[in-house]
Amino acid sequence: MSRKRGRLVLLGLVLVGWAGYVAWAKEHAAAPVAASAAAPAPVPVVLAAVEKGPFDEVLGSLGTVQAFNTVQVRTRVDGEIQAVAFKEGQTVAKGDVLVQVDPRPYQASFDQARAKKTQDESTLKNARADLERYTKLGDYASRQQTDTQSATVNSLTAQVASDQAAIDNAQTQLGYATIRAPFDGVAGFRQVDVGNIVNASAQTAIVTITQVEPIFVVLTAPEDQLREITAALAKGTVPVEAWSTDGQAKLSEGRLALINNQVDTATGTIRLKAVFANTDHALWPGLSVSTRMRVGIVADALTVPDDAVQHGPEGLYAFVVDAADTAHPRPVKVGRSGLGRTRVLSGLTPGEQVIVAGQARVLPGARVVDKAPEAAKRIGMTQPSDAAAGVH
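Residues numbered from 1 in each chain as written. Predicted model: local features only at pLDDT ≥ 70, side-chain atom pairs only at ≥ 80, totals over all residues. Heavy atoms only, no water.

### Here we look at the pattern of salt bridges
Any two side chains of opposite charge can pair if their charged atoms end up close together. Counted by the stated rule, this structure contains 13 salt bridges. Residues Glu57 and Arg336 are paired through a salt bridge, measuring 2.9 Å at the closest nitrogen-oxygen approach. Of this pair, Glu57 sits in strand 2 (residues 51-73) while Arg336 sits in strand 17 (residues 333-338); the two residues are 279 residues apart in sequence, bridging distant segments of the chain. Given the relative accessible area of 26%, Arg336 is considered partly exposed. Via salt bridges that share partners, Glu57, Glu228, Arg336 and Arg343 belong to a single interconnected network. (Salt bridge = Lys/Arg side-chain N within 4 Å of Asp/Glu carboxyl O. Helix = DSSP H or I, 4+ residues; strand = E, 2+ residues; numbered from the N terminus. Buried < 20%, exposed > 50% of the residue type's maximum accessible area, 1.4 Å probe, protein only.)

Here's what the structure looks like:
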């Protein structure tokens, strides 16, 4: 009887243990299922709104700064340099003295020419007096004497005119001994020193002067933009901005001055020239710049930040976030980009929220959350007309 009772007790303990194991197994087996059934966490992204407003049609290009005028100053007379009146890199005005060549030989030639004219004028005066006397004598003077004296007067008159030409030439040569700046500009490296002998036949320049106020920028545009550029130029002033090559700093503001008279068939581009006042000398001859030329303004354009537009296997698209914070890819067609924004031709409506950062982790239908601080959200969201206020 006791043995049978013991067996029953043992069997009861086994059943209790088994029941506990089964309950434990069920509890732990359900945990992963519950975890897997939980909704995934929202993907952190940066959102921006689709905006409607004025949009500047801007054409970008690369250009090279070109001096308005450039001259290599050379001597036009021979002689020793007595003085150098400029400093390298100095801004000089038209007419400023640059170099003084020894003027004494040319001063002597000038004085000699004037003295010769004075001598010939005295001889001419006497000859005219003789001619007048012969003429008054009438029949008492032979015709031959009168004609000879008249010829003498004419010859001396011509000699005086020749003397005046010699004076003018000597005065010009004397003026050449003082070398002056031909226009306002900046002087380059000095190539001569005081005491050097210079010759008019030598090819070595004394200094190079470049005019930098105003200044040109030569740029190129694809030939398919020619019609648009010419139409804008026909309507009035076409603003052009010069920026650093990295696009980070605006250097100067100017306008389109001219379009070259032919297209380069080798490259399919047209050369343009823009002029800048450059009063602050921000542009320098030979400097490479990037340019932004405004050819028009679209009054009511839909725009998004550039980063909102993505490239996919089926073309361009943007992730649109609905009211439930769910992202959906939507095909879009876009136009030009400028100042950090892209014009949307179709696919979006004003006020919609699009993802501008974090798209790599977003799948269609995924929930998202805007984690950007308020200051960061404003990046790239400025109205195009305000951002382009520097283009006049």
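Next comes the rest of the write-up.
### Topic: helix 3 (residues 143-176)
Taking 1.5 Å per residue, 34 residues should reach 50 Å; helix 3 reaches 50 Å between its end C-alpha atoms and fits that length. Looking only at helix 3, the buried set comprises Gln149, Val153, Leu156, Val160, Asp163, Ile167, Ala170 and Leu174. (Expected span 1.5 Å × (residues − 1).)

### A short note on the environment of Ala151
Within the secondary structure layout, Ala151 lies in helix 3. Judged by its relative accessible area of 44%, Ala151 is partly exposed. With 20 residues separating them in the primary sequence, Ala151 and Leu131 have C-alpha atoms 9.6 Å apart.

### With respect to the nonpolar core
In terms of nonpolar packing, the biggest core is built from 24 residues, with Leu98, Val99, Val207 and Ile209 touching the most fellow members. When contributions to this core are tallied by element, the ones reaching two or more residues are strand 5 (97-101), helix 2 (104-137), helix 3 and strand 9 (207-222). Those residues in contact with Ile209, other than ones at most four positions away along the chain, are Asn69, Thr70, Val71, Val73, Val92, Leu98, Ala181, Pro182, Phe183, Gly185, Val186 and Ala187. Judged by nonpolar contacts, the second largest core, of 22 residues, contains Val212, Val240, Ala274 and Phe276. (Core = buried A, V, L, I, M, F, W, Y, C linked by side-chain atoms within 4.5 Å. Contact = heavy atoms within 4.5 Å.)

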